[in-house]
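Spelled out from the first residue to the last, the chains are:
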Amino acid sequence: MSSTELPSVPATNVLPKVAPVRVAEGERLRSVGLPGITLTVRSRPPTREGLPPALYVHGLGGSSQNWSALMEQLEGVVDGEAVDLPGFGDSPPPDDGDYSVSGHARAVIRFLDASGRGPVHLFGNSLGGAVTTRVAALRPDLVRTLTLVSPALPEILVQRTAVPTALLALPGVTGLFTRLTREWTAEQRVHGVTALCYGDPGRVSPEGFSNAVEEMERRLQLPYFWDAMTRSARGIVNAYTLGGQHGLWRQAERVLAPTLLVYGGRDQLVGFRMARRAARAFRDSRLLTLPEAGHVAMMEYPETVARAFYELLRDAGELVAGLPSGEPAVKGSASADGGDAVVGDGETAAESTGS
């Protein structure tokens, strides 16, 4: 084996037993076996029958739990499911070890084809934003609308704060990092993650922080944790270098579904300036900018994101019969969230952000 190759991980049937994944009140977990992959799916039963299906896809190092707050907000609007990508959350590694953006996109497509729930309202954050962009471009028949929160689309000038994450893709860096941080507690690691991903880490409640520490402790027991992180980071970097029809920006231009773009003014991983380019690339798009939000606006300001999604459905004619068209059927109020949020269509919205 070359010194630059990552070691193989144990087969799924010999992985150590770890603590169970947290399931919030009202949520359910199930395991779905598909060719080459096994996916854990988190669902929240809708408040009424006949609601359209939605699927949520998390980012690098995340899991389906990242969508719990937004799923609760939208339980009266869509029938939501959130997937743990292979190697993340409670899903074991893929049989072929493929953590590329295309590999993750194939996992999402396989799940949607097998479930028969499509077309769905598709959501993606960060890495999940790149994955769902590719899904929407390649399989428009599976997507009703697309909502992207800080999507990991190629940037020429990467923010300095995003460089350490990108460096995970380099051979040897993960091993060095794990050695240097061997003595770090789960609490220290979670503090670092929240400082990087939240516009204001103070918005994380004590209970939320405790739950995140518990999940971090669980993940660190998984022998494939760093392998999945490293290979997925490498997959993002590789996707950034692709040109032609396989380039993510070219695929963004091919997306036919009405698209909601959400960007945070304090995002340290995806440049806020990319909002302008995204609004131009997606042909039928609207842009929500949250000046106080970081990289995970759906966790920081779920009410605001839920309201913007509701308005996307209303304007696209996607609201199901019986839902009010004037007031959003979501929980909470968006009035005080995210600072002075800006919502608009396409390039007009991009200009209004001042990005």
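Read on for a plain summary of the structure. All residue numbers refer to positions counted from 1 along the written sequence of the respective chain. pLDDT decides what is reported in this predicted model: residues at 70 or higher carry local features, side-chain atom pairs at 80 or more are listed and counted, and totals for whole chains, interfaces and linings draw on all residues regardless. Side-chain numbers come from the whole structure's heavy atoms, not from hydrogens or water.

Here we come to the overall build of the protein chain. Helix and strand labels come from DSSP, where a helix needs a run of H or I of at least four residues and a strand needs a run of E of at least two; each type is numbered from the N terminus. Scanning the protein chain from N- to C-terminus turns up 13 helices and 9 strands. Residues counted as buried form 51% of the 355 residues belonging to the protein chain. Contacts in the protein chain between residues at least 24 apart in sequence constitute 76% of all its contacts with a sequence separation of at least 6. What sets the accessible areas is the Shrake-Rupley method with a 1.4 Å probe; for residues, cover comes only from the shown protein chains. If you sum the accessible surface of the protein chain, you get close to 15200 Å²; carbon and sulfur atoms cover 52% of it. Exposure classes here rest on a 1.4 Å probe applied to the protein chains alone. A residue is buried below 20% of its type maximum, exposed above 50%, and partly exposed in between. When checking whether two residues touch, look at their non-hydrogen atoms; a contact exists if any pair is within 4.5 Å.

Take the pairing of strand β6 (residues 143-149) next. Along β6, 6 of the 7 residues are buried, which leaves the element largely enclosed by surrounding structure. Regarding topology, helix α3 (residues 127-138) serves as the crossover connection from strand β5 (residues 120-125) to the parallel β6, and that connection is right-handed. Pairing between two strands is assigned when DSSP locates at least 2 bridges connecting them. Summarising the sheet, β6 and strand β7 (residues 259-264) pair through 4 bridges and their orientation is parallel. Looking at the pairing, T147 lines up with L260 of β7. When the strands point away from the viewer and the path from the first strand over the helix to the second turns clockwise, the crossover is right-handed.

So, about the environment of R144. Of note, R144 is situated in strand β6. Between the C-alpha atoms of R144 and A257, which are 113 residues apart in sequence, the distance is 5.9 Å. Every residue in contact with R144, bar those within four places of it in the chain, is listed here: P52, P53, P119, V120, H121, A257, P258 and E318.

Here we come to the packing of aromatic side chains. Two rings belonging to Phe, Tyr or Trp (six-membered ring only in the last case) form a pair when the distance between their centres is within 6.5 Å. Interplanar angles under 30 degrees mark stacking, angles over 60 mark edge-to-face geometry, and anything in between is tilted. All told, the structure shown has 5 aromatic pairs when counted by the stated rule. An angle of 65° between the planes, with centres 6.1 Å apart, marks the rings of W67 and F123 as edge-to-face. Note that W67 is positioned in the loop between β3 (53-57) and α1 (68-73) and F123 in strand β5, a separation of 56 residues in sequence. As far as burial versus exposure is concerned, W67 and F123 are alike and both buried. Judged by centre distance (4.8 Å) and plane angle (50°), the rings of F123 and F309 are tilted. Note that F123 is positioned in strand β5 and F309 in helix α12 (residues 302-316), a separation of 186 residues in sequence. The buried category is assigned to F123, whose relative accessible area is 0%. An aromatic cluster is built from Y56, W67, F123 and F309, whose rings are joined through pairwise contacts.

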